[in-house]
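Here's the letter readout for the chains.
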Amino acid sequence: MPEYETKIREIAKGLLEDGKADVIIGYKKGSIPMVNEPVLIRDPNNVENLIWDSHCALNLCNYLTGRKERIGIIANGCNSRNIVTHIVENQIKREQLYIIGIPCTGMIDHRAVKRAVNDREILAVEESEGRFTVRGKDFEKTFEKKDFLQTNCAVCLHPNPVVYDEMVGENVKIPEGINPFKDVEEIERMSAREKWSFFADLVSPCIRCYACRNACPLCYCPTCFVDESDPQWVGKSIDPTDTMTFHFLRAYHCAGRCTDCGACERACPVGIPVRHFTKKLNKDALDLFSWEAGLSLDQRPPLDVYRVDDYNDFVE
Amino acid sequence: MVTKIFTKEEWVRALKGAKDDYRIYLPVKHKDFHAFELLSDETAPDFEFQNTRLSPKSLIFPQSERMFEYSLDEKDGEAHIVKETPKDFYPQAVVGIRPCDAHALQLVNVNFDNPQYKDPWWVKRLESTILVGLGCNEPCSTCFCTSVGGGPFSERGLDVILHDLEDVFLVKPITQKGETFINKLGQGRMADDTLSDKAEAKARSSLEKVTSSIPTGKLRDKVVTELFEAPFWEEVAFACINCGTCTYLCPTCWCFDIQDEVLGKEGDRIRNWDSCMSPLFTLEGSGHNPRSEKCQRVRQRFMHKLKYYVDKYEDGVQCSGCGRCVRYCPVNIDIRHVAKLMNDFAQ
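This is a predicted model, so every value here is computed, not measured. (Residues numbered from 1 in each chain as written. Chains lettered and ligands numbered in written order. Predicted model: local features only at pLDDT ≥ 70, side-chain atom pairs only at ≥ 80, totals over all residues.)

Some thoughts on the overall build of chain B
Threshold: Helix and strand labels come from DSSP, where a helix needs a run of H or I of at least four residues and a strand needs a run of E of at least two; each type is numbered from the N terminus. We call two residues in contact when their backbone-placed C-beta atoms lie within 7 Å.
In terms of regular secondary structure, chain B is built from 11 helices and 12 strands. Along the first, second and third principal axes, the C-alpha set of chain B runs to 65 × 65 × 40 Å. Of the contacts made within chain B by residues no fewer than 6 positions apart, 71% connect residues no fewer than 24 positions apart.

Some remarks on the packing of helix α8 (residues 240-253) of chain A against helix α10 (residues 275-289) of chain A
Residue and element names in this part refer to chain A. Here is the rule we go by: Fitted lines through C-alpha atoms serve as axes, helices being fitted only where they are in contact, and the angles separating the N-to-C directions of these axes extend from 0 to 180 degrees. Each crossing gets its handedness from the near helix: less than a right angle anticlockwise from the far helix is left-handed, clockwise is right-handed. All residues other than Ala, Val, Leu, Ile, Met, Phe, Trp, Tyr, Cys, Pro, Asp, Glu, Lys and Arg, Gly among them, are scored as polar; the first ten of these are nonpolar and the last four charged.
One can describe the packing of α8 onto α10 by two numbers: an axis separation of 9 Å at closest approach and a directional angle of 35°. Like other packed secondary-structure pairs, α8 and α10 cross with a definite hand, here right-handed. Residue-level contacts link His247, Phe248, Ala251 and Tyr252 of α8 to Phe277, Thr278 and Leu281 of α10. Class assignment of the residues belonging to the contact of α8 with α10 gives a composition of five nonpolar, two polar and no charged.

Here's the deal with the packing of helix α6 (residues 192-203) of chain A against α8(A)
All names here are of chain A. This is how the line gets drawn: Under this scheme an angle from 65 to 115 degrees is roughly perpendicular, one under 35 degrees roughly parallel, and one over 145 degrees roughly antiparallel; angles in between are oblique.
Two elements in contact, α6 and α8, have axes separated by 10 Å at closest approach and are oriented at 95°. Judged by the angle between their axes, α6 and α8 are roughly perpendicular. Residues Phe199, Ala200 and Val203 of α6 pack against Pro240, Thr243, Met244 and His247 of α8. Of the residues in the contact of α6 with α8, the class split is five nonpolar, two polar and no charged.

Topic: the domain arrangement of chain A
Residue and element names in this part refer to chain A. Put simply, the test is: The start and end points of each domain follow an automatic or database-based domain assignment.
For chain A, the domain assignment lists domain 1 (1-107 + 150-176) and domain 2 (179-316). Summarising the inter-unit geometry, the C-alpha centres of domain 1 and domain 2 are found 25 Å apart. The partner domain 2 presents 18 residues to the 24 residues of domain 1 that form the contact. Looking at the side of domain 1 that touches domain 2, the elements that each hand over two or more residues are α2 (77-88) and α4 (151-154). Residue contributions to the side of domain 1 that touches domain 2 peak at nine residues, all from α2.

Comments concerning the sheet that holds strand β5 (residues 83-84) of chain B
Residue and element names in this part refer to chain B. To keep it simple, the criterion reads: Whether two strands pair comes down to DSSP finding at least two bridges between them.
Ordered by their spatial adjacency, four strands build an open sheet running β5-β4-β12-β11, and the pairing between neighbours is antiparallel. Each edge of the open sheet carries a strand with a single partner, namely β5 and β11 (256-263). One ladder, built from two bridges, connects strand β4 (residues 64-71) with β5; its direction is antiparallel. Counted as the bridge partner of Glu69 is Lys83 from β5.

Remarks on the pairing of strand β1 (residues 23-28) of chain A
Residues and elements named next belong to chain A. In this structure, β1 lies alongside strand β4 (residues 71-75), joined through three bridges in parallel fashion. Looking across to β4, one finds that Ile24 is bridged to Gly72. Here β1 runs beside strand β2 (residues 37-41); their pairing, made up of five bridges, is antiparallel. By the bridge assignment for β2, Ile24 is matched with Ile41. As judged from the two bridges shared by β1 and strand β3 (residues 50-51), these two strands associate in the antiparallel manner. Opposite Tyr27, over in β3, you have Ile51 as the bridge partner.

Shown next as structure tokens:
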């Protein structure tokens, strides 16, 4: 999306030159197709490295935690919601940030693209106006981007930034008639036994690399519960019980905080659809508390507030 | 040694016939990637792959392995005595291992089997393993084996090498162990010169298909402290999320952690792969952590592979160029770029 890129670079350059930001956090083009690298820019002459395309899938909010400088950061819908969550949870101050808002048309699911070319190696990808073309040694194929969105992007209802200082373009239209929880409902219909085997199968390839956790902007605890050694809550082998404990507990720690940005799933080296855990909790947060994470700077997440006038009877 | 020819059907049939004498592991396609799986009558191996997502390192060095066991029951006469858990060293064959991954096992071997230390389980398991390599007709664009002492048909560390000649495999034994294995399969016919020549020509042409490389020539002469203090580490490390993808997918990472797990009055001492990307890796009992910052951890990984190993073993870098870390790093930290920064670094 070259028009966004020009604008992003222009704003970033201005921020650094005028001293309104000490650093810019964005993406630069990756060394292989369909993966970009998060980058920190201090020198206004380096803003040309900043890019925006359909492969900017790792959540930049990760890189904000605990930073002290004034930061210019680019943010689409889900990233901006994580920034809100970060501010509300005191991980960064709103005053420190200059948010360059990006109306987002979604990220491309690189795994789906590889499947569509029968796992042949993709050497180059180009996109324009809702289509993209992949090239390999003896093939070239053009696809519609809408058919290859990451599964979270395909059901995204908040593509536009909820908080920003400047936008790089007009808001995109919010899609209608999407049920973001269709997959959750399917799992809800399973019996307890079926659910157990569904989730056991789901995590069975896990190698405990923690890419999902570390890619998640919510997982900023100084020491994660799986890394505690005194007491040690979870075993460190690849025993299925320990692996499942890790995934289930991590999901619960994200309840009412997850923006469904999909970074966890994108990062997993063995392709586990990790969002199946967090999405059910997003649905519960919506059903029980009418809550979607990161939409407002003035409200705390439902699971860390106490209200005397809570309509649930457990308060009494 | 006799080079043989098997049609692809014969080859799988012959392997199935030998599965009582050996545990045979073969590449099998899962949803989105290939993995080594134990051969059974139902296994449908797929040799049309670039490389398996995880290297077969775990077949020699399991991700989790029970080392010892003990009883904490005071009534037990042998309470608190740590005993070795019986291990299984049944002969196994890894069929379809890529030359880079076999080369990698050789690089790891210097750590587990050297005049100073011998890891008994590594040594015995490697001894009981036959590595049947599959040469790479179509290396990936991220493969750089040829610049780190390997090649798409490198025989280093292999017992047998397979050349895929479309309808048939040319099966060439390299070691005595490999020849015994092939003889045990009992099928196949002798390779004639035409096919041997064809295999050689194909192997030569695939060498040119390795287009990626890392520079390593000047690493040995760098002053370790200068490289350690180099200004580029902060920038290299920025994007890193400190996950274990690079280390766990790497065929040459060998670090492990030892854990005791107790259930009731029974205890196990287990060793698990560990990752220098994790802050816990270096956390000391006192609470001090010499690598508390992610930049220090990222630097450690590259310094270990591209400098400390080079200096200590004088046998090149601790990398076989498989390219997994390049392909699967979620934030695109590329060892080829870092190697260049290190190799070109001048104080």
